[in-house]
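Chain by chain, the residues:
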Amino acid sequence: MRKSPNWEIKYRKFIEKNKDTPFVWGTWDCCLFADALIKAMTGENLIPKSLHWTDEASAKESIKKYGKTMLGSITRAAKAKKGVNVIGKMYITKGDLVVFKQKTQLVGMSDGMSILAPTDDGILVIPHDAAVKGWRIDG
């Protein structure tokens, strides 16, 4: 997996297009948001095609079966793709995948200053202080 040469333009266009898209389990949740943005930047999905969910319960079950926790699931998916590397929390920057903690572990993408993730009202901006772990895609 590798970012395309013009990944920053694709990143910006993706965020502009999807900034008001509301959260929907199995359609537009934190995992699918991050995966869609990664696909926009690289042309590849990070989430294995075998994983599917339609609501909160089936999402939690998929996470539990695949990697036990959100962090475990993202770690497993990242290890399965060449070119996706763990980075220290203090080095997270634009285009990096991030597991972060709010009431539970969630996943988002860094814009260089904050973590972005979907909510009912569109994209939410979360401080990098909430980051648990980050990954950088080669590019």
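Peer 1: Could you give an account of the layout of surface pockets, naming the residues involved and the relevant values?
Peer 2: Its boundaries defined by the atoms lining it, the largest pocket holds a volume of some 760 Å³. Around the largest pocket, the lining comprises 38 residues; the ones closest to its centre are Trp25, Cys30, Met70, Gln105 and Leu106. Top element by residues in the lining of the largest pocket is helix H3 (residues 56–67). It accounts for six residues. For the lining of the largest pocket, the per-class residue count stands at 25 nonpolar, seven polar and six charged.

Peer 1: If you had to explain the packing of helix H1 (residues 7–18) against helix H2 (residues 30–42) to someone new, which residues and values would you point to?
Peer 2: Where H1 contacts H2, the axes come no closer than 8 Å and their chain directions differ by 140°. Judged by the inter-axis angle, H1 sits oblique to H2. Remark: the crossing between H1 and H2 carries right-handed chirality. For the pair H1 and H2, contact is made by Trp7, Lys10, Tyr11, Phe14 and Ile15 and by Phe33, Ala36, Leu37, Ala40 and Met41, respectively.

Peer 1: Break down the pattern of salt bridges for me, citing the residues and quoting the values.
Peer 2: A full pass over the atoms with the stated rule returns six salt bridges. The salt bridge involving Glu8 is made with Lys94; its shortest N-O contact spans 4.0 Å. Linking Glu8 in helix H1 with Lys94 in the loop between strand S1 (84–87) and strand S2 (97–101), this pair joins segments that are 86 residues apart in sequence.

Conventions adopted
- Residue numbering note: each chain is counted from 1, following its sequence as written.
- Thresholds applied to this predicted model are a pLDDT of at least 70 for local features of residues and 80 or more for the giving and counting of side-chain atom pairs; totals over whole chains, interfaces and linings are not thresholded and use all residues.
- To get the side-chain values, take all heavy atoms of the structure and skip hydrogens and water.
- Whether a set of points on the 1 Å grid over the protein atoms alone is a cavity depends on a 1.4 Å probe fitting there but being unable to get out, while an open set qualifies as a pocket with protein on both sides within 12 Å along at least five of seven lines; lining residues are those with an atom within 4 Å of a point.
- Grid points are joined across faces, edges and corners, and a volume is the space filled by probe spheres set on the points.
- Counting from the N terminus, the helices are DSSP H or I runs at least four residues long and the strands are E runs at least two residues long.
- Ten residues, namely Ala, Val, Leu, Ile, Met, Phe, Trp, Tyr, Cys and Pro, are considered nonpolar, four, namely Asp, Glu, Lys and Arg, are considered charged, and the remaining ones, Gly among them, are considered polar.
- Axis geometry follows a simple rule: fit a line to the C-alpha atoms, using only the stretch in contact for helices, then measure angles between N-to-C directions, giving values from 0 to 180 degrees.
- Here is the rule for angles: anything less than 35 degrees is roughly parallel, anything more than 145 is roughly antiparallel, 65 through 115 is roughly perpendicular, and the remaining ranges are oblique.
- The hand of a helix crossing depends on one turn: near helix anticlockwise from the far one by less than a right angle means left-handed, and clockwise means right-handed.
- In this analysis, two residues are considered to be in contact whenever any of their non-hydrogen atoms come within 4.5 Å of each other.
- By definition, a salt bridge exists where a carboxyl oxygen of Asp or Glu is found within 4 Å of a side-chain nitrogen of Lys or Arg.

All quantities given are derived from atomic positions and should not be read as evidence of function.
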